[in-house]
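# Fold and geometry: a report
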Amino acid sequence: MSEQAADGPTDAIDLILHQWARERPDLDLSPMALLGRLRILTRAMERELDEVFDRHGLGQADFDVLATLRRSGPPYALIPSELSAALMMSRAGMTGRLDRLERAGLVERSLDPGDRRSFRVTPTPTGLGRIDTVLTEHAAALRRLVSGLSPEDFATLTRILRTMLAAIT
């Protein structure tokens, strides 16, 4: 249920719910409060995180590929199908991302010595340095974004969102 103040709406979402309650009292639109706020929050977070990526000439997709390679551990090499699976995207989409990152000098592709029908993707030294720098700023931005939550609220919200995701995926 919405936590609308007893004396009326407290924000734009509450106002919308108040108006719908007046116009369509037969519908329970209370989930709109939660999901609307999540949507607004997501947009605000994406803007802040995109600023970090933009400062380093990356997009979210570029960051995702470089971060996936970096977190895979030495030698930071994966085949495209592993990258696609890790990022939950099509192989065709992955090819476009890799082409862009290769042109930018951030990754390189080489034949996979274990399977000469495939190739391995590794970050270049420039790519590895870039992801480490961006990841440090990214972590600081993430920390700022959740700084308003107490440790207890952080744990509770994490648990609740995990439960919601499990229910719809």
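Here the structure is a predicted model, which is why all the values come from computation and not from measurement.

## Points about helix α6 (residues 125–145)
For an α-helix, the turn length of 3.6 residues means that residues three or four places apart are oriented alike. Between its first and last C-alpha, α6 extends 30 Å over 21 residues, near the 30 Å set by a 1.5 Å rise per residue. Buried residues along α6 sit in contact with α2 (31–55), α3 (60–71) and β2 (115–123).

## Observations concerning a nonpolar patch on the surface
Among the surface-exposed residues, Leu 149, Phe 154, Leu 157 and Leu 161 lie close enough to one another that they form a single nonpolar patch of about 290 Å² accessible area. Checked against the element boundaries, Phe 154 lands in helix α7 (residues 151–168).

## Considering the UniProt feature "domain: HTH marR-type" (unreviewed entry) in the protein chain
Here the UniProt-annotated "domain: HTH marR-type" (unreviewed entry) positions come out as residues 31–166. Along residues 31–166 one finds 70% helix and 11% strand; the C-alpha atoms at either end are 17 Å apart.

## What to know about α3
In this model α3 runs 16 Å from its N-terminal to its C-terminal C-alpha over 12 residues, within 8% of the 16 Å that 1.5 Å per residue would give. When α3 is considered as a whole, its buried residues turn out to be Ala 61, Asp 62, Phe 63, Val 65, Leu 66, Ala 67, Thr 68 and Leu 69. Remark: Gly 73 follows α3 within two positions and exhibits a positive phi of approximately 85°.

## Description of the confidence of the model for the protein chain
Any segment with low pLDDT has predicted coordinates that should not be analysed in fine detail. Across the protein chain, the average pLDDT comes to 92, with 95% of residues at 70 or higher. Confidence scores differ between elements of the protein chain, with β2 showing the lowest mean pLDDT of 88 and α6 the highest of 97.

## Let's talk about the pattern of salt bridges
For side chains bearing opposite charge, pairing can occur when the charged atoms are close. Under the defined criterion, the tally for this structure stands at 10 salt bridges. Arg 55 serves as the salt-bridge partner of Glu 137, at 3.0 Å between the closest nitrogen and oxygen. Pair noted here: Glu 137 is in helix α6 and Arg 55 is in helix α2, with a separation of 82 residues, a long-range link. On the basis of relative accessible area, Glu 137 is assigned to the partly exposed category, the value being 25%. Two residues, Arg 100 and Asp 62, come together in a salt bridge whose shortest N-O distance is 3.0 Å. Placement of Arg 100 in helix α5 (residues 91–103) and of Asp 62 in helix α3 is noted, with a sequence separation of 38 residues between them. For Arg 100, a relative accessible area of 36% translates into the label partly exposed. Among the charged side chains, a salt-bridge network with shared partners connects Asp 11, Asp 14 and Arg 37.

## Describing the pairing of strand β1 (residues 107–112)
Pairing analysis gives 6 bridges linking β1 to β2, with the strands arranged antiparallel. In the strand pairing of β2, Asp 112 is matched with Asp 115. Between β1 and β2, which follow one another and run antiparallel, lie 2 residues.

## Digging into the nonpolar core
With 21 residues, the main nonpolar core has Val 65, Leu 66, Leu 69 and Leu 83 as its most contacted residues. Of all the elements in the fold, those that place two or more residues in this core are α2, α3, α4 (80–87), α5 and α6. For this core, the element with the most residues is α3, which contributes 5 residues. Setting aside residues no more than four positions away along its own chain, Leu 66 makes contact with Leu 58, Leu 101, Leu 106, Val 107, Pro 123, Gly 127 and Ile 131.

So, how was this worked out
- Residues numbered from 1 in each chain as written.
- Predicted model: local features only at pLDDT ≥ 70, side-chain atom pairs only at ≥ 80, totals over all residues.
- Heavy atoms only, no water.
- Helix = DSSP H or I, 4+ residues; strand = E, 2+ residues; numbered from the N terminus.
- Expected span 1.5 Å × (residues − 1).
- Contact = heavy atoms within 4.5 Å.
- Patch = residues over 30% accessible without salt bridge, like charges linked within 9 Å, V, L, I, M, F, W, Y side chains within 5 Å.
- Areas by Shrake-Rupley, 256 points an atom, 1.4 Å probe, with all protein chains shown as cover.
- Salt bridge = Lys/Arg side-chain N within 4 Å of Asp/Glu carboxyl O.
- UniProt positions renumbered as here; feature names shortened; annotations may be inferred.
- Buried < 20%, exposed > 50% of the residue type's maximum accessible area, 1.4 Å probe, protein only.
- pLDDT = per-residue confidence, 0-100.
- Pairing = 2+ DSSP bridges.
- Core = buried A, V, L, I, M, F, W, Y, C linked by side-chain atoms within 4.5 Å.

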